[in-house]
2 protein chains.
Amino acid sequence: MNTAAGKAVGKRTPTISGPCSRWPAENRGIIRQVLDRVGDKWSTLVVAALGDGPLRYTDLKDSIPGISQRMLTLTLRQLHRDGLITRTPYAEVPPRVEYDLTPLGVNLHDIVVSLIDWAGNHHEEIRENRARFDARITP
Amino acid sequence: MNTAAGKAVGKRTPTISGPCSRWPAENRGIIRQVLDRVGDKWSTLVVAALGDGPLRYTDLKDSIPGISQRMLTLTLRQLHRDGLITRTPYAEVPPRVEYDLTPLGVNLHDIVVSLIDWAGNHHEEIRENRARFDARITP
DNA sequence: CCGTATCCTGAACGATACTG
DNA sequence: CAGTATCGTTCAGGATACGG
C-alpha cells in the first residue's frame, strides 16, 4: 500500500472520530489510564469471561487458564473500583461471591469481544506475517 | 521460568490457553499473543496516531507524548512484524522513513478508535467510580 | 533524521503459605 | 470457598550515549 507519494492510501475512517486529537489535552492523562486498564491483559480476559453472565471467584479462575489467584483478585478489585463489575457476596457457608458486568462493563465487553474476534479472525494472517518477517531477518 | 521453547521476541507466553469459549483451544495461545500486542499501551497509541495517514518517525514520536525512542522503535518493529504497518525508507538526505497502516492495520485501527472513544466517553464516570470506591475503603 | 546499544531500576507477576 | 500477606524474581521500559 501507499504507492509512491502516498496518494493511493486506502480509505481511512472518514467517520466521525479522529484519533487522539479528538480529546482535549487535559483529558489525555486519564484517558490513558483508562486505556491502560482496558488494555490490560487480565482485565480483558476477565471482562470477556463475564460476557456470558455472572461468575463466582473460582469459576472465573477456572475459565481463565494461567491466571494466578493474586492477579485475579487484583484485577477484580480494579474492575470493581472502576465500576465495570459488581461484587456480591452471599452470606452462606461455604462462602459465595459473584461477579458480574455493570452496564458500563457490558459496554466495554462489546469492544473487547470485537477485539477478540479480530484476533481470532486474523491470528493466522499475523502468524504468517511474523514468519515471513523473521525469515527475512534471519535467513 | 526457564526458556522452555521458542525465542520469544516480545513478551513471554503466559501459560497456556486463552479467553472466550468461542475459539478452539488450540488457537487460544496465539490469540492471547495477538491480544497482548493489540492491548499493548504503546501499540494502541501508535495505531491510533497513524489513523490520519502516514507519519515519519519523528512526527510519530511527537504525536505520542511520553513515548521513549526505545519504545517507539520497538513498538514499530513489532507492528511491522505483525504486518499491521508498513515501513518505507526514502533514500534522501536527511533520511526519511514513513510508517503507515496496512489494510490489516486499518482494520485494527477501527477497533482501537472505538476503544479510545469509549475511554473518552466514560473516563469521567470512571473517575467518579474510583473516587466513590476509595471513599468507602478509606473513610 | 533515524535509529541502535547499554545500563539500570521499580514494579508487575508468580509461588507459596496462611485466614475468616 | 474466597480471599490476604509476603517474598523473590524477572523484565518492561526510561535514560543516556553513540552511529549511519
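In the block above lies the structure referred to throughout.
Peer 1: Would you mind going over the relation of the copies chain B and chain A in detail, with residue names and values included?
Peer 2: Each copy of the sequence occupies a distinct position, and chain B is placed on chain A by a rotation of 180° and an axial shift of 0.1 Å, giving an RMSD of 0.1 Å. What the rotation and shift describe, once combined, is the action of a two-fold rotation axis. Residue B:Gly39, judged by its C-alpha, is the member of chain B lying nearest the rotation axis, at 2.1 Å. When the interface residues of chain B are mapped onto chain A, 73% of them are again interface residues, pointing to one common binding face.

Peer 1: Run through the protein's contact with DNA strand D, naming residues and quoting values.
Peer 2: Residues in contact with DNA strand D amount to 21 residues; listed here are only the nearest, A:Thr58, A:Arg87, A:Tyr99, B:Ser68 and B:Arg70. Restricting attention to atoms of DNA strand D within 4 Å of the protein, one finds that 64% of them are sugar or phosphate atoms. Contact distances for DNA strand D include 3.2 Å between a phosphate oxygen and a backbone N or O atom of A:Val97. Elements that contribute at least two residues to the surface near DNA strand D include exactly helix H3 (57-63), helix H4 (69-81) and strand S3 (96-101) of chain A together with helix H4 (69-81) of chain B. When residues of the surface near DNA strand D are assigned to their parent elements, the largest contribution, four residues, is made by H4(A).

Thresholds, definitions, all that
Residues numbered from 1 in each chain as written. Chains lettered and ligands numbered in written order. Predicted model: local features only at pLDDT ≥ 70, side-chain atom pairs only at ≥ 80, totals over all residues. Heavy atoms only, no water. Least-squares fit on C-alpha atoms with pLDDT ≥ 70 in both. Contact = heavy atoms within 4.5 Å. Near = heavy atom within 4 Å. Polar contact = N/O pair within 3.5 Å; in protein donor to acceptor, adjacent residues only side chain to side chain. Helix = DSSP H or I, 4+ residues; strand = E, 2+ residues; numbered from the N terminus.

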